Amino acid sequence: MSKTNYIPQPIDTSDIQLPEELNPLLEAMAKNVHEIWAKERIAQGWMYGKKRDDALKHHPCLVAYEDLPEKEKVYDRNTSVETLKLILKLGFKIKKY
């Protein structure tokens with residue numbers, strides 16, 4: 001397959017409903033997704049800026065998760081939701097000890 005013909009084919013998790021008891025895990029995962037992203041950006045020399053500027057390496061989302069606009073939190077939550085749904089789809093169980 002050539003790079004120009006790449007077609008993403010994620011596993012279909014539309015039949016998986018997340019149990020409500022996973023909501024705290026979902027939010028913790030979303031926050032951690034943001035923290036990992038921010039840590040990597042900072043390590044690459046990026047810093048906070050009111051507007052994204054790739055040349056200056058400024059990004060408005062280099063703030064604490066709690067200070068992100070809701071639109072940005074939704075992106076991180078969606079990543080977490082799909083990860084949790086995939087875990088369940090593949091037959092794994094999530095249990096809090």
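The structure we're discussing is the one just above.
Described below are features of the structure shown in this document. Given the structure is predicted, the values throughout are model-derived calculations rather than measurements.

**So, the overall build of the protein chain**
1) Next: From N to C terminus, the protein chain includes two helices and two strands.
2) Next: Helices and strands appear in the protein chain in the N-to-C order α-β-β-α.
3) Next: Since a compact globule built from 97 residues should have a radius of gyration of about 13 Å, the 17 Å found for the protein chain marks it as more spread out than a globular shape.
4) Next: Taken along its principal axes, the extent of the C-alpha atoms in the protein chain is 45 × 40 × 20 Å.
5) Next: A total of 97 residues make up the protein chain; the buried ones form 22% of that total.
6) Next: The long-range share in the protein chain, meaning contacts at least 24 apart out of those at least 6 apart in sequence, stands at 54%.
7) Next: By element, 57% of the accessible surface of the protein chain is carried by carbon and sulfur atoms, the whole surface being about 7800 Å².
8) Next: Across the protein chain, the 16 positively charged side chains and the 15 negatively charged ones have centroids separated by 3 Å.

**Considering the pattern of salt bridges**
1) Next: Taken as a whole, this structure holds six salt bridges when the rule is applied.
2) Next: In this structure, Lys 89 and Asp 15 form a salt bridge, with 3.0 Å as the shortest nitrogen-oxygen distance. Taken together, the residues span a long stretch of sequence, with Lys 89 in helix α2 (residues 70–89) and Asp 15 in the segment before α1 (23–43) at a distance of 74 residues.
3) Next: Overlapping salt bridges, with partners in common, bring together Glu 27, Glu 70 and Arg 77 in one network.

Thresholds, definitions, all that
- Residues numbered from 1 in each chain as written.
- Predicted model: local features only at pLDDT ≥ 70, side-chain atom pairs only at ≥ 80, totals over all residues.
- Heavy atoms only, no water.
- Helix = DSSP H or I, 4+ residues; strand = E, 2+ residues; numbered from the N terminus.
- Rg over C-alpha atoms; globule rule 2.2 N^0.38 Å.
- Buried < 20%, exposed > 50% of the residue type's maximum accessible area, 1.4 Å probe, protein only.
- Contact = heavy atoms within 4.5 Å.
- Areas by Shrake-Rupley, 256 points an atom, 1.4 Å probe, with all protein chains shown as cover.
- Lys, Arg positive; Asp, Glu negative; His and termini not counted.
- Charge placed at Lys NZ, Arg CZ, Asp CG, Glu CD.
- Salt bridge = Lys/Arg side-chain N within 4 Å of Asp/Glu carboxyl O.

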